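A look at the structure
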Amino acid sequence: MAVVLKKCKRNGVKLVQETCSVRFLKKRLPIVAWLPKYNLEKFQGDLIAGLTVGLTVIPQGLAYAAVAELPLQYGLYSAFMGCFIYCLFGTSKDVTLGPTAIISLMTAEYAKGEPTLAIALCLCAGLVQFAMGVLQLGFLVNFMAFPVISGYMSAAALIIGCGQLKLIFGLKNVRRSFIWNIYDTFRKLPETNHWDLTLGIISFVILLIMKWLKDRNWDKDRDPFTPLTTRQRVGRKAIWLIGTGRNALIVIVTTILAGILFSNNIKPFTMTKDVPPGFPKVGPPSFSYQHNNQTVEGEEFLSQLGAGIAVLPLIAILETIAYGKAFASRNKYRIDATQELLALGIANIVSSFFGSYPMSCSCSRTAINSTSGVRTPLGGIFAGLLVILALAFIMPYFRYIPSAVLGAVIIASVINMFEYQVIPKQWRIHKPDLLVWMVCFLCVLFLGIQFGILVGVGLGLVIELYGLAKPGTKVDTIDCCPKIVVVKFDKGLSFPASDFIVTTIHDAGLDEPPYKPVILDFAHVSHLDFSVIRSLALSVEEYATNNTPLYFACVNRDLEAKLKKASIKNLQCFPTVQLATEAILDEGVHGCIGMGFNEGQNRGTRRITLGSGAPREDGDVHQPILMTEVSLDHLDISSDTGEVLQNHTSHSDRDNHETTV
């Protein structure tokens, strides 16, 4: 007892020392590490990038609030506090937190257009993410394979895009679910507002052209040794600025146009609803709201959020870590995944006190931040300040924003999220992955987000478990007397494969008489559990009962030690397949007639002919018979000693050479 207490005390002291160290402080509060090195050059890069991201997030925030089915101001409430928090706790200079298309769609799914539910969901998501960071449970997102993520995001892009068609066509009272949304949109096409349709299409086309101009490689056909003129440099910078701020530019221009028409009592476009000006009310989220003159609170309130409390935080974590790692790799630095979990969790918790709905990392704004030359996470501060200025001074003018323009901005933003290009690649490389992609895609469309993700993850795990239950095996036959079967497993063996292993080994040598000796090649096996070892013991016992050898070859030291600890009777392990083969042949020469030897075959020289392959050159017969050497044509082995003999016959003689008795 005293020893245990002493050990606990020593570990406690060590933990306290590590926690109170400067290294731990820099790890959990990264701003302490980079702020002392801050300078004017970095400030300039952060300022330009921050303002650029701010001009992007304002129109996107308004548009994504519409996707979340919340009043437009909640898109901006979600766009500033995350920037401030991430500056303190984030480890990536490029990541920007705020409203995103995927999280907005999920918020619409679980909050059902109720701001109180959305804000409470933000707090719950932050608590879950923070707890996962403390417990280092970020690995759970690894169970969402790429086909699941891609299928889900493609379906979400289609749902979001189709959901904005009502804004483009100027339709009202269109239901939210995908099937009914499509049905209502086509049913109400005669009610189309042609002014909205015209403005929406023009805005969408202009956005695509601006994006194409920004992304175009202008140096493709240029002589790399010819310097750019001043006019070319200014022109390219102007194109980049216009393309980067295209969302803000199109919203500003169309808002001015609609405002001028509205002031002259001309109202051709469908406008957004009035947006209350000013800063959001600061305070803890409420866990009750009024619905049909009844108060929803307590258990009923939480039941409204449903699976969103678990599913939404995981998707947000996946977006943040995936994009963070991608841009860190591109810009040659590293991020701390656990710290990213903590930063995202704290950002959502604090933001919920400012009226925010759940947020995560935005891929488009992170890309803009990176290409704008951001140097540190401080760039997010300038983006957040720009959003606060918008809340304070220009909110009353948002009522003049045409709804069709917001729909065009959303569709142009999510159009690249549909990853159609992975479909032929998955078909060529691994068809089961395409099955997972299609199932997840269709389930998200027709059953909903949470069911689609659960079905996709479940199907992916089933396919993975099937691979564990039936590991890849290669069975080859050494054409000698007796014939020897070599079974090679291509991976570690776990308990789901127990029955498969017993069946495979039985069918290899004991399927039908005359029975054949079997060599198990474990060259690629690095793991065995108790169930598998028990199955191997049963197979060894079965072969011993039938007086037929079952030998193990190429077993590494750790696995051989495990097998020996299991006290398997008649267990024999050999360093190579060659030595195991010689042992079987030697055993056959000295009396194992039941394995296929004739009584006259106990003297002289026997030739072993392997199943396939080109003849070997003279002198190669001394090399070990491994599974990678099944292309051997023959070996000469002495029946007296069991040794491999030097073969001096030429290739022409080999073709007509018969087994010497």
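Residues numbered from 1 in each chain as written. Predicted model: local features only at pLDDT ≥ 70, side-chain atom pairs only at ≥ 80, totals over all residues. Heavy atoms only, no water.

Describing the overall build of the protein
This is how it is decided: To qualify as a helix, a DSSP run of H or I must reach at least 4 residues; to qualify as a strand, a run of E must reach at least 2; elements of each kind are numbered from the N terminus. The buried label goes to any residue with under 20% of its type's maximum accessible area, the exposed label to any with over 50%, and the partly exposed label to all in between, with areas taken from a 1.4 Å probe on protein chains only. Should any heavy atoms of two residues lie within 4.5 Å, those residues are considered in contact. Using the Shrake-Rupley algorithm and a 1.4 Å probe, accessible areas are obtained, with residue cover drawn only from the displayed protein chains.
When its secondary structure is counted, the protein shows 28 helices and 12 strands. For the protein, the residues scored as buried account for 48% of the 661 residues in total. Taking the intrachain contacts of the protein between residues at least 6 apart in sequence as the baseline, contacts between residues at least 24 apart amount to 77%. Of the accessible surface of the protein, which amounts to about 32900 Å², a share of 61% is contributed by carbon and sulfur atoms.

Re the pairing of strand E5 (residues 473-479)
Convention followed: Following DSSP output, two strands are said to pair if at least two bridges run between them.
Judged from the 6 bridges that link them, E5 and strand E6 (residues 484-489) form a sheet pairing that is antiparallel. Each bridged residue has a counterpart across the sheet, and for Thr473 the counterpart in E6 is Phe489.

So, helix H22 (residues 431-447)
Threshold: Here, expected helix span is obtained from the residue count minus one, scaled by 1.5 Å.
Between its first and last C-alpha atoms H22 spans 24 Å; for 17 residues at 1.5 Å apiece the expected length is 24 Å, and the two agree. Turning to H22, its buried residues number three or more, namely Leu434, Val436, Trp437, Cys440, Phe441, Cys443, Val444 and Leu445. Buried residues belonging to H22 abut helix H9 (146-163), helix H11 (178-187), helix H21 (422-429) and helix H23 (449-469). Among the residues trailing H22, Gly448 stands out with phi positive, at a value near 115°.

What to know about the pattern of salt bridges
For clarity, the cut-off: Salt bridge, as applied in this entry: a Lys or Arg side-chain nitrogen positioned within 4 Å of an Asp or Glu carboxyl oxygen.
A full pass over the atoms with the stated rule returns 8 salt bridges. Asp184 serves as the salt-bridge partner of Arg187, at 3.4 Å between the closest nitrogen and oxygen. Pair noted here: Arg187 and Asp184 are both in helix H11, with a separation of 3 residues, about one helical turn. Linking Lys564 and Glu560 is a salt bridge whose minimum nitrogen-to-oxygen distance equals 3.1 Å. Residue Lys564 and its partner Glu560 are both found in helix H26 (residues 557-565); the two are separated by 4 residues, about one turn of the helix.

Focus on the nonpolar core
As a reminder, the rule being used: In these notes, a set of buried Ala, Val, Leu, Ile, Met, Phe, Trp, Tyr and Cys residues joined through side-chain atoms within 4.5 Å is what counts as a nonpolar core.
In terms of nonpolar packing, the biggest core is built from 108 residues, with Met106, Tyr152 and Ile315 touching the most fellow members. Tallying contributions element by element places H9 first for this core, with 10 residues. Setting aside residues up to four positions removed in sequence, Tyr152 forms contacts with Ile102, Met106, Ile315, Cys440, Val444, Ile449 and Ile453.

Overview of the packing of helix H8 (residues 115-134) against helix H17 (residues 337-352)
The cut-off we apply is this: Convention adopted: a line fitted to C-alpha atoms gives each axis, helices being fitted over their contacting stretch, and angles between N-to-C directions are expressed from 0 to 180 degrees. Each angle gets one of four labels, with under 35 degrees taken as roughly parallel, over 145 as roughly antiparallel, 65 to 115 as roughly perpendicular, and the rest as oblique. With the far helix as reference, a near helix turned anticlockwise by less than a right angle produces a left-handed crossing, and one turned clockwise produces a right-handed crossing.
Interaxial distance between H8 and H17 falls to 7 Å at its minimum, and their mutual angle equals 155°. It follows from the interaxial angle that H8 and H17 lie roughly antiparallel. The interaxial crossing formed by H8 with H17 has left-handed handedness. Across from Ile119, Cys122, Leu123, Gly126, Leu127, Gln129, Phe130, Met132, Gly133 and Val134 in H8, the residues of H17 making contact are Thr338, Leu341, Leu342, Leu344, Gly345, Ile346, Asn348, Ile349 and Ser352.

A few points about the packing of H22 against H23
Remark: H22 packs on H23, axes separated minimally by 7 Å, with the N-to-C direction vectors making an angle of 160°. The pairing of H22 with H23 is recorded here as roughly antiparallel in orientation. Seen along the crossing, H22 lies across H23 with a hand that is right-handed. Contacts between H22 and H23 pair Pro432, Leu435, Val436, Val439, Cys440, Cys443, Val444 and Leu447 from the former with Ile449, Phe451, Gly452, Ile453, Val455, Gly456, Leu459, Gly460 and Ile463 from the latter.

Some details on the side chain of Ser356
Quick note on the threshold: Any pair of nitrogen or oxygen atoms within 3.5 Å is treated as a polar contact; in protein, a donor-acceptor pairing is required on top of that, and neighbouring residues in sequence qualify only through side-chain atoms on both sides.
Relative to the assigned elements, Ser356 resides in the loop between H17 and strand E4 (360-361). Here Ser356 falls in the buried class, since its relative accessible area comes to 0%. Within polar-contact distance, the side chain of Ser356 engages the side chain of Ser78 at 3.1 Å. Apart from the residues lying within four places of it in its own chain, the contact partners of Ser356 are Tyr77, Ser78, Ala118, Ile119, Cys122 and Ser351.

Structural notes on the pairing of strand E8 (residues 550-553)
Spelled out, the test is: Place the viewer so that the strands point away; then a crossover is right-handed whenever the path from the first strand over the helix to the second strand goes clockwise.
Side chains Leu550 and Phe552 project from E8 onto one buried face, and the interleaved Tyr551 and Ala553 project onto a second face that is buried too. For strand E7 (residues 518-521) and E8, the ladder comprises 4 bridges, and the chain directions are parallel. Within E8, the residue paired with Val518 across the bridge is Leu550. Handedness of the crossover joining E7 and E8 through helix H25 (residues 530-545) is recorded here as right-handed. As paired elements, E8 and strand E9 (residues 573-574) share 2 bridges and run parallel to each other.

Brief notes about unusual backbone geometry
Here Pro513 and Pro514 are connected by a cis peptide whose omega angle stands at -5°. Note that Pro514 resides in the loop between helix H24 (498-509) and E7. Positioned with a positive phi, Glu69 is a non-glycine residue whose angle comes to about 60°. Counting through the fold element by element, Glu69 comes out in the loop between helix H4 (40-67) and helix H5 (73-77). At Asn173, a residue that is not glycine, the phi angle is positive and equals roughly 55°. Relative to the helices and strands, Asn173 resides in the loop between helix H10 (165-169) and H11.

Concerning the confidence of the model for the protein
Note the threshold: Every residue gets a pLDDT, meaning the predictor's confidence in that residue, from 0 to 100.
Averaged over all residues, the pLDDT of the protein equals 82, while 87% of them reach at least 70. Confidence drops under a pLDDT of 50 for residues 590-661, and excluding neighbours within four residues, the segment shows 147 contacts in the predicted structure.

Details of helix H12 (residues 194-215)
The line we're drawing: This arc is built from the directions going out from the helix axis to the C-beta atoms.
With 22 residues, H12 should cover 32 Å at 1.5 Å per step; its first-to-last C-alpha distance of 32 Å lies within 8% of that length. For H12, the complete set of buried residues consists of Asp196, Leu199, Gly200, Ser203, Leu207 and Met210. One side of H12 holds all its buried residues, which, seen down the axis, span an arc of 100°. Projecting away from the buried face of H12 at angles above 90 degrees are the exposed residues His194 and Trp212. The inward-facing, buried residues of H12 abut H10, helix H13 (230-244), helix H14 (246-263) and helix H20 (403-414).

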